[in-house]
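Observations on the model geometry
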Amino acid sequence: MRIEKCHVGYIRQEKKVNWLWLWGFIVIALAIFFAGYLWTHTRANVFTVLSVLMVLPAAKRVVGLVVFLPRKGVDRARYEFIHSKAKEGILLAEYVFTSTEKIMHLDFVLIWKGKTLAVVAPSIQDKNYMIHYLEENVHRIAKEYEVKVFEKDEELLDFLEKNSGGDLTVESDEKVAAHLRTLAV
């Protein structure tokens, strides 16, 4: 079963899928090369060209590994706990997104009544850049949305307890969530 991006288990699944495809492309490239060599008894043949072309799809999988390998997913129990406290908001988990300069990772993004609330994943990241980039992209769709990024789950939960949310509709939350999903890797 395929796990959609921004859901629990997506990072682990992408790591496995990229590894399998990469090894598959390597095996296919070697098989094509050796078949051509055994058939023609020389390396200068069309089979060598085909095996070299297998580098292109393999490179795509290597890029996927570079993006996902240092990232860790969210454990299911933690997700269920945050989801139960998220009220009627839209919760995105294991949110990995990129700019032209950096790869960024958030454990959770909660879109809730005019607010975009996020919890930073425990890794070394440029938090200021991430906040600026996230604000820029949220405000591109909905200028009235407030963006807050927290270091820990407890900070997010405290914020949810102390705030009742804004007056914005569920439709605007869906619009922001759809835009953020398109930015996810």
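Details of the structure are given in the entry above.
Definitions and limits used
- Residues numbered from 1 in each chain as written.
- Predicted model: local features only at pLDDT ≥ 70, side-chain atom pairs only at ≥ 80, totals over all residues.
- Heavy atoms only, no water.
- Helix = DSSP H or I, 4+ residues; strand = E, 2+ residues; numbered from the N terminus.
- Rg over C-alpha atoms; globule rule 2.2 N^0.38 Å.
- Buried < 20%, exposed > 50% of the residue type's maximum accessible area, 1.4 Å probe, protein only.
- Contact = heavy atoms within 4.5 Å.
- Areas by Shrake-Rupley, 256 points an atom, 1.4 Å probe, with all protein chains shown as cover.
- Lys, Arg positive; Asp, Glu negative; His and termini not counted.
- Charge placed at Lys NZ, Arg CZ, Asp CG, Glu CD.
- Pairing = 2+ DSSP bridges.
- Salt bridge = Lys/Arg side-chain N within 4 Å of Asp/Glu carboxyl O.
- Arc of directions from axis to C-beta.
- Patch = residues over 30% accessible without salt bridge, like charges linked within 9 Å, V, L, I, M, F, W, Y side chains within 5 Å.

1. Here's the deal with the overall build of the protein
Across its full length, the protein carries 7 helices and 4 strands. Element order for the protein, N to C, with α for helix and β for strand: α-α-α-α-β-β-β-α-β-α-α. On C-alpha atoms alone, the protein measures out to a radius of gyration of 21 Å, which is more than a quarter above the 16 Å that the 2.2 N^0.38 rule sets for 185 residues. Within the span of the protein, comprising 185 residues, buried residues form 42% of the whole. The contacts of the protein with a sequence gap of at least 6 include a subset with a gap of at least 24, amounting to 66%. Split by element, the accessible area of the protein, about 10800 Å² in all, is 62% carbon and sulfur. Placing the 25 positive and 23 negative side-chain charges of the protein at their respective mean positions leaves the two points 7 Å apart.

2. With respect to the pairing of strand E3 (residues 115-120)
Side chains on a regular strand alternate between the two faces of the sheet. With 6 of 6 residues buried, E3 is to be regarded as a mostly interior element. Neither face of E3 is exposed, since Lys115, Leu117 and Val119 on one face and Thr116, Ala118 and Val120 on the opposite face are all buried. Sheet topology places strand E2 (residues 103-112) next to E3; 6 bridges connect them, and they run antiparallel. Paired with tryptophan 112 across the strands is lysine 115, a residue of E3.

3. A short note on the pattern of salt bridges
A pair can form between side chains of opposite charge whenever their charged atoms are brought close. Evaluated as defined, the whole model comprises 10 salt bridges. The residue arginine 2 makes a salt bridge to glutamate 14 at a minimum N-O spacing of 3.3 Å. In this pair, arginine 2 sits in the segment before helix H1 (10-40) while glutamate 14 sits in helix H1, placing the two residues 12 residues apart along the sequence. The class for glutamate 14 is buried, based on a relative accessible area of 8%. Among the salt bridges present, the one from glutamate 88 reaches lysine 113, with a minimum N-O distance of 3.0 Å. Pair noted here: glutamate 88 is in the loop between helix H4 (76-85) and strand E1 (90-98) and lysine 113 is in the loop between E2 and E3, with a separation of 25 residues, a long-range link. Looking at glutamate 88, the relative accessible area reads 47%, which means it is partly exposed.

4. A word on helix H6 (residues 153-162)
Among the residues of H6, those classed as buried are Asp153, Leu156, Leu157, Phe159 and Leu160. All buried residues of H6 project into a common sector of 160° when viewed along the axis, lining one side. In H6, the exposed positions that point more than 90 degrees away from the buried face belong to Glu161 and Lys162. On its buried side, H6 packs onto H4, E2, E3 and strand E4 (146-150).

5. Comments concerning a nonpolar patch on the surface
On the surface, Trp19, Trp23, Ile26, Leu30, Phe34, Tyr37, Leu38 and Leu69 cluster together into a nonpolar patch covering about 820 Å² of accessible area. Its place among the elements puts tryptophan 23 in helix H1.

6. Some details on unusual backbone geometry
Of note in the backbone geometry, glutamate 94 takes a positive phi value of approximately 50° without being a glycine. Relative to the elements of secondary structure, glutamate 94 occurs in strand E1. Residue glutamate 94 is classed as buried on the basis of its relative accessible area of 3%. With a phi angle near 45°, lysine 113 is a residue other than glycine that sits in the positive phi range.

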